[in-house]
Amino acid sequence: MTSIAYIVELERWGIKNNGTDAVNTTQGLNNAFLWARDNDYQIIILPKGNYLVDKNSFVTLHSNTNYKFYGCVFAKESNNLTGYNVLLCDSIKNVIIEGATVKGDRETHNYSSGGTHEWGYGIECKNACYNILIKGCDVSECTGDGFATSMDFSAIGGIQHPAHFAKGDIDSQGNLDSTKSNHTTVTKFFDVTGDLVKSVGYFYYSGDGYGGYGTGSNLNKTVIKVHFYKADGSYLGYRNTRTYEFIYLDSLPIGTTKVKFSFLQNYDLMNGNLHYVMCAKIPQYIFFVNCKSHKNRRLGASINGGRFVTFESCEIFNNSNPMSTSIGCNPGYGIDIEDGYMTNQKVTVRNCNIYDNRAGAFICVSTRGVYLENNKFRGNVNLAGSGDDYLSLNNMYYGPITGRSITSGVERDGTFVTFRNDSIFGSSCSINAGNTTLENCVFSKSNLTLSGETAKVINCKLTFDDPDKDGVIGFASKNLEVRDSLFDIRRARGVASAGYGQTENAVFSNVQFLTNEVSGGHYVGARNLIVEGCAFIHSGKTVNYSRMMASESMRVENSIFKNQSFRFDGGNMYGTEVLAKDTGYSTHIFRNNKVMWEADYGTAVHEARGPGIAFLYIPRLDIINNNLSIIGQGSSLGALYTLRVFTENYLNISNNTIVTKNATGINTIGTITIEGAYRKSGSTLPRPKTVIVAQNNNKVNSNITFTGNVNSQLEKFVLGDIPIPILASSEPTFGVYSLGQVLYNSSPIPGGYIGWVCTKTGTANKNAWTSNKLYSVNTLVNSNGKVYKSTVGGTSGTTAPSHTSGSAPDGSVTWEYVDILAVFKTFGLISS
């Protein structure tokens with residue numbers, strides 16, 4: 001050999017580079033490449049030109065060669081074949097292909113024979129290819145895929161249940177131990193000395209032809225034991241492995257000629273299962289770098305079997321879309337990883353631009369390890385099927401993200417789907433995964449739905465701006481953590497949509513939810529709920545009705561609820577009426593929170609059952625150390641409440657600060673209302689007897705109102721028939737009170753009284769009507785044992801109002817009847 005580079009002599013080999021004479025050109029290229037290999041040329045340079053590739057043949061490439069095809073166009077001759085190749089790498093290694101332009105016959109192809117004609121490939125690496133670099137190539141208009149890797153499905157043999165399986169495991173002597181009832185052994189021996197196994201150098205245990213393990217069996221997460229035997233049956237021990245992982249011949253114990261398999265699996269649960277021991281020829285270490293694939297009829301690129309396959313800095317676009325004379329063919333993605341199942345492993349897509357493909361940008365049906373880094377994806381990205389371990393890093397998504405990382409359909413068998421530093425724009429992200437992590441991601445105009453075993457959202461931002469869309473967020477994972485994140489959902493039709501009772505444990509920590517013209521929704525339905533350091537802030541004129549469910553325990557603390565209509569429920573009140581689990585001690589705590597309402601009451605109205613914060617179906621509840629305030633923006637505060645509790649067995653409402661105020665000094669009737677247990681019409685749940693502890697609450701222009709409903713359910717003190725007390729610093733001047741209701745003096749002194757008892761049911765008011773006085777709108781007064789509110793301001797007349805319903809004039813004032821005036825008497829003189 002005079003040189004390591006060979007420039008192909010076109011005339012010597014009868015090759016035409018003017019796009020003619022397909023048969024002789026193709027044969028000449030193959031002869032020239034074969035001669036160069038046999039003469040140890042390591043670089044082959046083909047002169048520029050157009051090379052027509054025979055419809056019944058292809059260009060064959062060889063090992064240990066660098067092919068330089070810059071300026072060369074390889075065009076497939078028009079044909080009617082259901083499948084073909086243009087450039088083919090078959091069981092070769094250490095090859096570089098540079099600069100080729102490959103064009104299929106998509107527009108001139110004859111499809112009349114029927115079938116899909118979907119297997120026309122531009123550049124294919126098949127079978128035992130190893131270390132192939134395809135660099136700077138451009139493939140277009142193939143009837144199938146631009147780039148493809150594919151494997152054969154060679155097997156030593158198959159195993160059918162029940163014929164080839166037995167209950168038990170292999171003991172230390174290599175015999176079946178049937179007492180191991182939770183194990184299953186493959187009774188059939190497999191010869192590992194044949195030429196088929198030697199040709200690839202490995203074998204492995206796999207599922208059936210579709211990658212499944214059959215009814216009652218899932219081995220993807222199961223340790224497989226491979227047992228080694230000599231030809232005479234002597235046992236050489238075993239090694240642990242995993243399905244679809246190579247067992248290399250070079251690593252077997254010396255003298256091994258045959259093997260058996262066993263695994264942890266209940267034999268009786270299996271039903272007609274079919275497995276294989278395979279030695280398939282699989283492409284490995286295949287690299288596509290700086291390539292383009294476009295206008296192909298089926299896919300830009302496909303992996304139908306391959307390990308350590310990389311797409312680096314590639315542009316894959318406009319595949320499977322209609323052209324002048326041909327339409328696309330399914331699946332229609334930019335990249336598709338599909339046939340081969342768990343044989344497809346460690347696929348990397350990095351620095352690529354994948355866009356405008358008919359069905360979407362990327363799909364993987366069954367894989368073990370997919371890494372997506374620094375790409376732009378326009379169109380659907382589907383992490384589908386039953387794969388393991390997907391990692392997305394620094395990508396930009398312009399289209400829906402869907403999928404799951406659950407190897408068997410059973411959530412506990414799932415592994416990881418991880419998104420870090422990604423940007424998702426204008427569509428949706430919906431992952432049903434074993435374990436999903438979203439970290440440092442930004443969602444713009446995109447909704448987010450997470451389900452599966454475990455989902456974590458860490459330091460993410462979701463900004464939504466589409467008033468026609470509902471259910472922007474949906475949390476239904478069994479274990480959910482949302483931390484250090486912002487959900488700015490100030491323009492949507494509805495915020496949240498989550499299943500009821502699907503989540504085992506939900507944690508929201510340092511999370512902000514900003515809402516405006518939205519109707520709220522169901523954030524999460526959990527058994528155990530933690531909300532800490534969060535902010536739920538609502539603005540705008542649309543009422544926000546939001547809800548979280550905590551059926552076993554709840555801890556909500558150090559959080560802000562502003563202008564929210566928010567409920568915490570113990571069960572699903574929209575389905576079967578459910579009361580949270582009663583353990584006999586408090587498991588639901590609302591502590592150190594700030595609840596405030598500052599909206600204009602004329603435009604933002606609370607839901608009937610859920611004012612600022614409401615609690616339902618919770619057996620034992622502690623509401624302690626909270627700051628609860630209504631700050632009126634309009635002239636009237638109306639009868640709105642910062643807090644409303646439908647009590648069950650036990651309520652401790654203590655050490656809270658309750659403030660009510662507005663510009664005109666008119667107070668609401670009551671900012672905290674304690675109700676009896678909430679029951680739907682026709683409910684079969686019993687009404688409990690309730691213990692209420694209400695003490696050390698600091699009430700500023702405010703009060704705690706116990707309704708007649710709750711009074712009828714109160715348990716009594718052991719000392720007598722005095723209801724559980726309310727603490728007050730003076731005789732109440734507003735609020736609704738029932739006959740016999742007791743208020744204990746919060747600051748008793750010698751010579752003073754223990755407290756006040758209500759002797760007449762009604763509304764408290766100390767502001768007596770006065771003649772010829774200027775009254776503003778919504779002023780409350782008492783007259784003739786009744787309470788009235790001014791609905792039209794002005795100067796009073798000389799006759800006090802006395803009507804018992806509706807409204808009546810008084811001078812230029814109009815008084816609306818409110819209630820009977822409550823009467824209180826002091827009791828319990830304290831000796832001085």
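Residues numbered from 1 in each chain as written. Predicted model: local features only at pLDDT ≥ 70, side-chain atom pairs only at ≥ 80, totals over all residues. Heavy atoms only, no water.

### Some thoughts on the overall build of the protein chain
Turning to step 1, where the next piece is worked out: Within the protein chain, the secondary structure is distributed over 4 helices and 79 strands.
Turning to step 2, where the next piece is worked out: Looking at the protein chain as a whole, 54% of its 832 residues are labelled buried.
Turning to step 3, where the next piece is worked out: Taking contacts inside the protein chain between residues at least 6 apart in sequence as the whole, the part at least 24 apart equals 68%.
Turning to step 4, where the next piece is worked out: Here the protein chain has roughly 32400 Å² of accessible surface; of this, 50% comes from carbon and sulfur atoms. (Helix = DSSP H or I, 4+ residues; strand = E, 2+ residues; numbered from the N terminus. Buried < 20%, exposed > 50% of the residue type's maximum accessible area, 1.4 Å probe, protein only. Contact = heavy atoms within 4.5 Å. Areas by Shrake-Rupley, 256 points an atom, 1.4 Å probe, with all protein chains shown as cover.)

### Some words on unusual backbone geometry
Turning to step 1, where the next piece is worked out: Looking along the chain, the bond that leaves His 161 and enters Pro 162 is cis, with omega of 10 degrees.
Turning to step 2, where the next piece is worked out: Mapped onto the secondary structure, Pro 162 falls in the loop between β14 (155–160) and β15 (165–167).
Turning to step 3, where the next piece is worked out: Despite not being glycine, Asn 374 has its phi angle at roughly 60 degrees, a positive value.
Turning to step 4, where the next piece is worked out: As for its position among the elements, Asn 374 is in the loop between β34 (368–373) and β35 (376–378).
Turning to step 5, where the next piece is worked out: Of note, Asn 394 is a non-glycine position whose phi angle comes to about 60 degrees, a positive value.
Turning to step 6, where the next piece is worked out: Of note, Asn 394 is situated in the loop between β37 (388–393) and β38 (396–398).

### Structural notes on the sheet that holds strand β75 (residues 786–792)
Turning to step 1, where the next piece is worked out: Spatially, 4 strands are ordered β74-β75-β78-β77 in an open sheet, and the strand pairing comes out antiparallel. The sheet is open, and its two borders are formed by β74 (780–783) and β77 (807–810), each paired with just one other strand. Averaged over neighbouring strand pairs, the angle between their axes works out to 40 degrees when direction is ignored.
Turning to step 2, where the next piece is worked out: Where β77 and strand β78 (residues 813–820) come together, 4 bridges link them in antiparallel fashion. Within β78, the position partnered with Ser 807 by the bridge is Glu 816. (Pairing = 2+ DSSP bridges. Axes fitted to C-alpha atoms, helices over the stretch in contact; angles between N-to-C directions.)

### Observations regarding the sheet that holds strand β24 (residues 274–278)
Turning to step 1, where the next piece is worked out: Pairing is antiparallel in the open sheet, where 4 strands are placed in the order β14-β24-β19-β22. The open sheet is flanked by β14 and β22 (247–248), the only strands paired with a single partner.
Turning to step 2, where the next piece is worked out: Note that strand β19 (residues 202–206) and β24 share 3 bridges and pair antiparallel. The residue bridging Ser 206 from the neighbouring strand is Tyr 276, located in β24.

### Notes on the packing of aromatic side chains
Turning to step 1, where the next piece is worked out: The full count for this structure, using the stated rule, is 52 aromatic pairs.
Turning to step 2, where the next piece is worked out: Taking 6.5 Å as the distance between ring centres and 35 degrees as the angle between the ring planes, the aromatic pair formed by Tyr 202 and Tyr 204 counts as tilted. Judged on exposure class, the residue Tyr 202 and its partner Tyr 204 are both buried.
Turning to step 3, where the next piece is worked out: Ring pairs connect the aromatic residues Phe 475, Phe 487, Phe 508, Phe 513, Tyr 523, Phe 536, Phe 561, Phe 566, Phe 568, Phe 590 and Phe 615, which therefore count as one cluster.
Turning to step 4, where the next piece is worked out: Cation over ring: Arg 307 sits above Tyr 204, and NZ or CZ is 5.9 Å from the ring centre.
Turning to step 5, where the next piece is worked out: Lying over the aromatic face of Phe 246, Arg 307 brings its terminal NZ or CZ to 4.0 Å of the ring centre. (Phe/Tyr/Trp six-rings, centres within 6.5 Å; stacked < 30°, edge-to-face > 60°. Lys NZ or Arg CZ within 6 Å of the ring centre and 35° of its normal.)

### Some words on the side chain of His 62
Turning to step 1, where the next piece is worked out: Relative to the helices and strands, His 62 is located in the loop between β4 (59–60) and β5 (65–68).
Turning to step 2, where the next piece is worked out: Judged by relative accessible area, which is 11%, His 62 ranks as buried.
Turning to step 3, where the next piece is worked out: Non-local contacts of His 62, meaning those with residues more than four positions away in its chain, are made with Phe 33, Leu 34, Arg 37, Tyr 67, Ile 92 and Val 95.

### Here we look at the nonpolar core
Turning to step 1, where the next piece is worked out: Core analysis: the largest hydrophobic core is formed by 128 residues, its most contacted members being Phe 74 and Phe 508.
Turning to step 2, where the next piece is worked out: For this core, the leading source of residues is strand β51 (residues 520–532), giving 5 residues.
Turning to step 3, where the next piece is worked out: If sequence neighbours within four positions are ignored, Phe 508 has contacts with Phe 475, Leu 480, Val 482, Phe 513, Val 524, Leu 529, Ile 530, Val 531, Glu 532, Cys 534 and Met 548.
Turning to step 4, where the next piece is worked out: Listed in part, the 33 residues of the second largest apolar core include Val 186, Val 259, Phe 263 and Met 342. (Core = buried A, V, L, I, M, F, W, Y, C linked by side-chain atoms within 4.5 Å.)

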